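Listed below are the residues making up each chain.
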Amino acid sequence: MVDEPLYPIAILIDELKNDDIQLRLNSIRRLSTIARALGEDRTRKELIPFLSENNDDDDEVLLAMAEELGSFIPHVGGVEHAHVLLPPLETLCTVEETVVRDKAVESLCKIGSQMKERDVVDWFIPLVKPAGIDCITGVSCDIRGFFSMLFGCVNRYLSLSGGFSLLRPAEIVFFKARLLVRSNEEKTHKSSGECIFGAYIGFATEGILSTYLSFNDVARSSHDVEEERLGAGEWFTARVSACGLFHIAYPSAPDLLRAELRSVYNQLCHDDMPMVRRSAGLNLGKFAATVEPANLKSDIMTFFKDLTQDDQDSVRLLSVEGCAALGKLLEPADCITNILPVIVSFSQDKSWRVRYMVANQLYELCEAVGPEPTRTELVPAYVRLLRDNEAEVRIAAAGKVTKFCGIISAQSAIQHILPCVKDLSTDSSQHVRAALASVIMGMAPLLGKEATIDQLLPIFLELLKDEFPDVRLNIISKLDQVNKVIGIDLLSQSLLPAIVELAGDKHWRVRLAIIEYIPLLASQLGVDFFDDKLGTLCMQWLGDKVYSIREAAANNLKRLAEEFGPEWAMQHIIPQVLEMINNPHYLYRMTVLSAISMLAPVVGAEVTCQTMLPVVINAAKDRVPNIKFNVAKMLQSMIPIVDSTVVDQTIRPCLMELNEDPDVDVRFFANQALLACEQVMCA
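Turning to the chain, the UniProt record has this under Sequence similarities (unreviewed entry): "Belongs to the phosphatase 2A regulatory subunit A family."

This is the structure we're talking about:
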């Protein structure tokens, strides 16, 4: 790939600081281009720090930045330097706008999953846990933060004492130690630690910082000087973001750190802010998938139970998703003991939003707990949800009825679920009926032919007559699923009268759905039955008031001609289509031309030349320019179909006449068609 010129790159860099938000946004979206121009070293040392410092921007710009940085590892020198991308993303994780934080967390996870295990421990894990200062044992140690803290204290001392003129040898040792800390080698860390304590002793001995730097003051000052990390952020947004990072940090952590990470997550699950607890509940499943089985049963399940008993319904409803995730991780016996009671309790929760979430997730839990607990516990819970007082809960439950019936036995579905389905088909809420209609056809293969005929067909007919168009539309679009079970004969006898009635429905989308279903129905009914029952309807749709219906009707005729053959089309379709060319309204004449152009490739050259081409040539004399330029386009589409002599003797003269028309659009399309004629003649 050729690099872009340097001048445009300079403009992009300059636009990063422009007052115009659109220019900044454009530049942020081209960060990869800027990084390639700067090179890996300058990107790490200049571009990334610049982005870290300039994070007080419009949310749209910050969102684009968070997205770009997620794929920035190649531009900073590979995974060895991936940690330099963490600071700007960490800052973005603390902004107020939710979408920015979510994208920043997503990018952090993307980067963390590619980092080496040691780098995850050194750089990624400190994002989600508070930094310690135990430099002697090395446990929870952040030497860099300690140096930054101590250096800040020295600066405060110098500002009080009058500057660098009072520096002692011990202070010089301190600054040398601060330089050494930049290295990642363990021995350098060790020597830095020795130097820093030597410096501290030197200061204390000379009495320079006796007031400011007692060891307890150091510990307290670390919170003042060093910024809080995400897991212990002062503002709730940081802690919300931290919850989404634990599943990346945990697998690479040593045992001591893993215990601390679980402890931090426990604190987040009990945070004072409901938003943090919601995030902890939402991400608990992903975190649990990385935890050892022993700790899963002890710690994680404790977190889960506490979240399910939260007084905020917004926290409890997100815990429902954790039920499904944890159910897949636990053994069936543990799932029955720990998860099943929670789900049953949630199905009767006082908050309808919690019950709504249960209705959405219940079928997934059936697989985790096994058939017997499903029959005894979850089926009654699902029946309660289907009969819930809140329409939103019934909508969610009705939309999952086919999936739920696919898990339980057919007999259980007929005994417990079908009575509820019958009630829902006449529900007072049109949205409940629409949700049921969108899935009920899928129950036919599950229940079998006999149950479908006896119990489902009456429900189908009831829904086909529903006053709400979306209900009728949802039933029509899934008729093929019933056809596979009961056969076309029974389907035509029971449902065809309703289908014919819906062909003239006042809502055009319902008519459109019927048209799209006609070719499938025709192929199953056979040509004789189609001519007798549906042939007239197909021609009527060509004269519909809605353009989408007329266009679909023309395409429908093409599909029918492909199904029944050119001879059938010549006998039953083409004569009736050609008669409509004399319609007084030009829009209907255009529909006829569209139908002819679609039928011509199907019926072949002979039928096209004998019956349809003369009609098209005659339409070239129409008084409406729209008709004439559509004729030019049609003639161009017919050139590959007919013989070259027909092109030269019939099509070309007509196009020459249209090429002299006073309307500019007619001349344009006629000229395009003439060029196609010339190519054919040359060939």
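Participant: Looking at this model, I keep getting lost on the overall build of the chain. Mind explaining?
Facilitator: A tally of helices and strands in the chain yields 42 helices and zero strands. A buried classification covers 50% of the 683 residues belonging to the chain. At a minimum sequence separation of 6, the contacts of the chain that also span at least 24 residues come to 66%.

Participant: Teacher, can you tell me more about the environment of I549 here?
Facilitator: Summarising the element assignment, I549 is placed in helix 35 (residues 547–564). Residue I549 is classed as buried on the basis of its relative accessible area, which comes to 0%. Here the alpha-carbon distance between I549 and R511, two residues 38 residues apart in the chain, equals 7.4 Å. Apart from residues no more than four positions distant in its own chain, I549 is found in contact with W508, R511, L512, I515, W541 and D544.

Participant: Help me understand the packing of helix 2 (residues 21–28) against helix 5 (residues 59–69), please; the structure alone is not making it clear to me.
Facilitator: Packed helices, taken two at a time, are described by their axes: the angle between them and the distance between them. Following both chains from N to C, one finds helix 2 and helix 5 inclined at 5°, their axes separated by 9 Å at the closest point. It follows from the interaxial angle that helix 2 and helix 5 lie roughly parallel. Every residue of helix 5 that contacts helix 2 at I21, R24, L25 and I28 is listed here: E60, V61, A64, M65 and E68. Each residue belonging to the contact of helix 2 with helix 5 can be placed in one class, and the counts come to six nonpolar, no polar and three charged.

Participant: Just to check I follow, could you spell out the pattern of salt bridges for this structure?
Facilitator: Should the charged atoms of two oppositely charged side chains come close, the side chains can pair. Here the structure, examined in full by the defined rule, presents 22 salt bridges. Its salt-bridge partner being R42, residue E46 comes within 3.0 Å of it at the nearest N-O pair. Taken as a pair, E46 and R42 lie in helix 4 (residues 40–53) at a separation of four residues, close to a single helical turn. Accessibility expressed as a relative area gives 40% for E46, which makes it partly exposed.

Participant: Which parts of the structure should I look at to understand the confidence of the model for the chain?
Facilitator: Predicted coordinates in areas of low pLDDT are best not read in detail. Mean pLDDT over the chain stands at 78; residues scoring 70 or higher make up 81%. Here residues 132–227 is a poorly scored stretch, pLDDT under 50, and it has 102 contacts once near neighbours within four places are set aside; other chains count.

Participant: What's the story with the side chain of R258 in this structure? I'm lost.
Facilitator: Mapped onto the elements, R258 comes out in helix 15 (residues 255–269). A distance of 2.9 Å separates a polar atom in the side chain of R258 from the backbone oxygen of A253. Discounting residues that sit within four places of it in the chain, R258 has contacts with Y250, P251, A253 and E292.

Participant: Hey, could you run me through the packing of aromatic side chains in this one?
Facilitator: Any pair of aromatic rings gets described here by the distance separating the centres and the angle formed by the planes. Under the criterion given, the structure shown has 11 aromatic pairs. An angle of 50° between the planes, with centres 5.2 Å apart, marks the rings of W235 and F236 as tilted. The class of F236 is buried, set by a relative accessible area of 17%. Here the aromatic residues F246, Y250, Y265, F287 and F303 are joined through ring pairs into a cluster of three or more. Residue placement shows K633 over the ring face of F669; its charged tip is 5.1 Å from the ring centre.

Participant: What exactly am I supposed to notice about helix 8 (residues 117–128) here?
Facilitator: Since the α-helix packs 3.6 residues into each turn, any two residues three or four apart lie on the same face. Between its first and last C-alpha, helix 8 extends 16 Å over 12 residues, near the 16 Å set by a 1.5 Å rise per residue. For helix 8, the full list of buried residues reads D119, V120, F124, I125, P126, L127 and V128. Taken together, the buried residues of helix 8 touch helix 6 (86–92), helix 7 (98–112), helix 13 (236–242), helix 14 (246–249) and helix 15.

Participant: Would you explain the environment of L51 in this entry?
Facilitator: Along the chain, the position of L51 falls in helix 4. When its relative accessible area of 2% is taken as the criterion, L51 is described as buried. Along the backbone, L51 and P88 are 37 residues apart, and their C-alpha atoms lie at a distance of 6.3 Å. Those residues in contact with L51 that lie beyond four places of it in its chain are I28, L31, M65, L69 and P88.

Participant: Sorry if this is basic, but what is going on with helix 25 (residues 410–424) here?
Facilitator: Residue I417 marks the point of greatest curvature in helix 25, where the axis turns by about 45°; the proline P419 follows within four residues. Along helix 25, the residues that are buried comprise S412, A413, I417, L418, C420, V421 and L424. Of the surrounding elements, those touching the buried residues of helix 25 are helix 22 (371–386), helix 23 (391–399), helix 24 (401–407), helix 26 (430–437), helix 27 (443–447) and helix 28 (449–464).

Participant: Any chance you could explain the packing of helix 41 (residues 644–658) against helix 42 (residues 664–682) here in plain terms?
Facilitator: For the pair helix 41 and helix 42, interaxial distance at closest approach is 9 Å and the crossing angle is 155°. Between helix 41 and helix 42, the angle is such that the two are roughly antiparallel. Here the hand of the crossing between helix 41 and helix 42 comes out left-handed. Contacts between helix 41 and helix 42 pair S644, V647, D648, I651, R652, L655, M656 and L658 from the former with V666, R667, A670, A673, L674, C677, E678 and M681 from the latter. When its residues are assigned to classes, the contact of helix 41 with helix 42 shows 11 nonpolar, one polar and four charged.

Participant: Sorry if this is basic, but what is going on with the side chain of R472 here?
Facilitator: Looking at the element boundaries, R472 is found in helix 29 (residues 469–476). Exposure remark for R472: the relative accessible area of 6% places this residue in the buried category. What R472 contacts, discounting residues up to four positions off in sequence, is L463, L464, D466, E467, L502, D505, H507 and V510.

Participant: Sorry if this is basic, but what is going on with the environment of K465 here?
Facilitator: Mapped onto the fold, K465 is located in the loop between helix 28 and helix 29. Here the alpha-carbon distance between K465 and A498, two residues 33 residues apart in the chain, equals 7.5 Å.

Participant: I'm lost on the nonpolar core in this one. Help?
Facilitator: Note that soluble globular proteins tend to have their nonpolar side chains buried in a common cluster. Ranked by size, the top nonpolar core spans 211 residues in total, and within it F124, I339, I417, I440, W541, I596 and I651 carry the most contacts. Top contributing element to this core by residue count: helix 21 (residues 352–369), with 10 residues. Both domains that furnish three or more residues to this core are identified here as domain 1 (6–115) and domain 2 (604–682). Residues within four places of I651 in sequence aside, it is in contact with L613, L635, M638, I639, V642, V646 and C677.

Participant: So what exactly am I meant to see when it comes to a negative patch on the surface here?
Facilitator: Side chains of D58, D59, E60, E96 and E97 sit close together on the surface and give a patch of like negative charge. Topologically, E60 is positioned in helix 5. Residue classification places E60 among the partly exposed residues on the basis of a relative accessible area of 40%.

Reading the values: the criteria
Residues numbered from 1 in each chain as written. Predicted model: local features only at pLDDT ≥ 70, side-chain atom pairs only at ≥ 80, totals over all residues. Heavy atoms only, no water. UniProt positions renumbered as here; feature names shortened; annotations may be inferred. Helix = DSSP H or I, 4+ residues; strand = E, 2+ residues; numbered from the N terminus. Buried < 20%, exposed > 50% of the residue type's maximum accessible area, 1.4 Å probe, protein only. Contact = heavy atoms within 4.5 Å. Axes fitted to C-alpha atoms, helices over the stretch in contact; angles between N-to-C directions. Parallel < 35°, antiparallel > 145°, perpendicular 65-115°, else oblique. Nonpolar A, V, L, I, M, F, W, Y, C, P; charged D, E, K, R; others polar. Salt bridge = Lys/Arg side-chain N within 4 Å of Asp/Glu carboxyl O. pLDDT = per-residue confidence, 0-100. Polar contact = N/O pair within 3.5 Å; in protein donor to acceptor, adjacent residues only side chain to side chain. Phe/Tyr/Trp six-rings, centres within 6.5 Å; stacked < 30°, edge-to-face > 60°. Lys NZ or Arg CZ within 6 Å of the ring centre and 35° of its normal. Expected span 1.5 Å × (residues − 1). Bend = angle between axes of the 7 residues up to and from the residue. Left-handed = near helix turned anticlockwise from the far one by under 90°. Core = buried A, V, L, I, M, F, W, Y, C linked by side-chain atoms within 4.5 Å. Domains from an automatic or database assignment. Patch = residues over 30% accessible without salt bridge, like charges linked within 9 Å, V, L, I, M, F, W, Y side chains within 5 Å. Areas by Shrake-Rupley, 256 points an atom, 1.4 Å probe, with all protein chains shown as cover. Lys, Arg positive; Asp, Glu negative; His and termini not counted. Charge placed at Lys NZ, Arg CZ, Asp CG, Glu CD.

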